[in-house]
Structure formats: structure tokens, C-alpha cells
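# Coordinates in review
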Amino acid sequence: MSVPKPSFNPTGRRPFLIRLGAALLGFLSLLIAPLAGLFVVTDPLRRSPSAGHRVKIGALALFGEKDPPRRVPILAARQNAWTRDKEARLGAVYIQRTGPDTVRALSVVCPHAGCYVDFDVEQDRYLCPCHHSYFGLQGQVVSDRSPSPRGLDELEVEIDGNSEIWVVFQQFRSGIKEKVPLG
Ligand code: FES
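Every value quoted in this text rests on a predicted model; they were computed, and no experiment measured them. (Residues numbered from 1 in each chain as written. Predicted model: local features only at pLDDT ≥ 70, side-chain atom pairs only at ≥ 80, totals over all residues. Heavy atoms only, no water.)

A few words now on the nonpolar core. In terms of nonpolar packing, the biggest core is built from 18 residues, with Ile 57, Val 93, Ile 95 and Ile 165 touching the most fellow members. At the level of elements, strand 1 (53–59), strand 2 (70–79), strand 3 (84–99), strand 4 (102–107) and strand 10 (164–169) are the ones that each hand at least two residues to this core. Of the residues forming this core, the biggest block, four residues, is contributed by strand 3. Ignoring sequence-local partners within four residues, the contact set of Ile 95 consists of Ile 57, Phe 63, Pro 68, Pro 69, Arg 70, Val 72, Val 103, Arg 104, Ala 105, Ile 165 and Val 167. Counting 11 residues, the second largest nonpolar core, distinct from the first, contains Leu 106, Val 108, Cys 128 and Phe 135. (Core = buried A, V, L, I, M, F, W, Y, C linked by side-chain atoms within 4.5 Å. Buried < 20%, exposed > 50% of the residue type's maximum accessible area, 1.4 Å probe, protein only. Helix = DSSP H or I, 4+ residues; strand = E, 2+ residues; numbered from the N terminus. Contact = heavy atoms within 4.5 Å.)

Written as C-alpha cells, this is what we have:
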């Protein structure tokens, strides 16, 4: 008994669908390069604070040379997969004027386990309320009983031509001696 041969019709519906599929695939592959470029261009918006975020703090004149360190919130644009916050709160830093043209910026995050430290004006030192680590004005650990494995993390500071303070806001791993950026 003979099996009937399938007939091939080059003008039929199936070849048309195959050609259409191939054309669509070609079109999608053309989109890959521009989308990859867009991804790179918008990268700073999606970057987490741990990757280092240059943030404007304010005028140098707002910080007196005799003032104690002041906690300043860090606000910056942040983008996740679906939304873009114009002024998301990324964290905070302590700012202290250390001279006519110099400023120190310390992370508020305790390197022991990540609590926010307070500044004790009476004692002129930082104190972590969670497990009682104490830090001096330069961020150094000042008590043998402080469980923090290192001092407070100092952040990069820049004062621009208009006497505005900028900080590279960054977060670091807690619980270890070394200052290792997160992310
Ligand atoms: S988190 Fe600061 S001492 Fe533990």
C-alpha cells in the first residue's frame, strides 16, 4: 500500500508564517544593541547606594568650625524596575567642619551590626545605642569594650568652586575589620 506524499505549496500559509517568524526574530535582534546601550546609560539611576553616589550636602558656610558633627540625610534620585523616586532617602551621614576649607564625613552606620550611631555632644563622641560601641570625632573606636571591629567609615568629600559640599555616599560591610564596599 503506498503512502500519499505530502504536497509542498511554496505559496501556501505555512511558508508565509515561517518567513514572518524569521522577520520578527531579525527585528528583535536589531533591538538588542540599542536596549543594551540604554541599560548602560541609565545605570547610575539604578545603582544602589552601596555602589557610591555623589550627593550634594549643602553650602560649606552652613557648618561652623566649632559646631559638633551634624547628621544630614542623603536624598537622591533612585530607580527600581518600576518606579523612579525623585528624592529617595538613601541614608544619612555625619558632617563636621574641620577647618576653613575642610570637612569630615562619617557614615552613620555602626560597623558592628548596622545600627545608626548617635552623637553625644556632652561626651564629644559617637555612641551606638545597640551594643554600646563608642567612637571619637575621627570615627575611631574609643573603648576597649566596644564590639565594633573598626571605626566609623569615612566617606569621600569634595568642596566645589561654589563652596558646596559633596559626599560620595557609600555603604560598607559590617562585622569585619576591613572597610569593604557593599555591592
Ligand atoms: S550595632 Fe553598633 S555596637 Fe552593635
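Attention now goes to the side chain of Ser 146. Within the secondary structure layout, Ser 146 lies in the loop between strand 7 (134–135) and strand 8 (154–155). Among all residues touching Ser 146, those that are not within four sequence positions of it are His 132, Ser 133, Tyr 134 and Val 141.

Below, the discussion takes up the pairing of strand 10. Of all six residues making up strand 10, five are buried, and the element is well covered by its neighbours. Two elements, strand 1 and strand 10, share six bridges in a ladder whose sense is antiparallel. By the bridge assignment for strand 10, Val 55 is matched with Val 167. Here three bridges tie strand 9 (residues 157–159) to strand 10, and the two strands are oriented antiparallel to one another. Of the residues in strand 10, the one forming a bridge with Ile 159 is Ile 165. Here strand 9 folds back onto strand 10 in antiparallel fashion, the turn holding four residues, of which Ser 163 has a positive phi close to 60°. (Pairing = 2+ DSSP bridges.)

Take the state of the cysteines next. Counted under the stated rule, the structure contains one disulfide. Two residues share a disulfide in this structure: Cys 115 and Cys 130, whose sulfurs sit 1.9 Å from each other. Taking the torsion about the sulfur-sulfur bond, which here is approximately -95°, the covalent link between Cys 115 and Cys 130 counts as left-handed. Taken together, the residues span a long stretch of sequence, with Cys 115 in the loop between strand 4 and strand 5 (118–120) and Cys 130 in the loop between strand 6 (125–127) and strand 7 at a distance of 15 residues. Given a relative accessible area of 36%, Cys 130 falls into the partly exposed group. (Disulfide = S-S within 2.5 Å.)

Residues Leu 17, Leu 20 and Leu 24 make up a contiguous nonpolar surface patch of roughly 280 Å² in combined accessible area. Mapped onto the elements of the fold, Leu 24 is located in helix 1 (residues 13–41). (Patch = residues over 30% accessible without salt bridge, like charges linked within 9 Å, V, L, I, M, F, W, Y side chains within 5 Å. Areas by Shrake-Rupley, 256 points an atom, 1.4 Å probe, with all protein chains shown as cover. Salt bridge = Lys/Arg side-chain N within 4 Å of Asp/Glu carboxyl O.)

On to unusual backbone geometry. Phi angles above zero are rare outside glycine, and His 132 is one such case at about 60°. Within the fold, His 132 resides in the loop between strand 6 and strand 7. We classify His 132 as partly exposed; its relative accessible area is 45%. Phi at Ser 163 is positive, roughly 60°, even though this residue is not glycine. With respect to the helices and strands, the residue Ser 163 is situated in the loop between strand 9 and strand 10.

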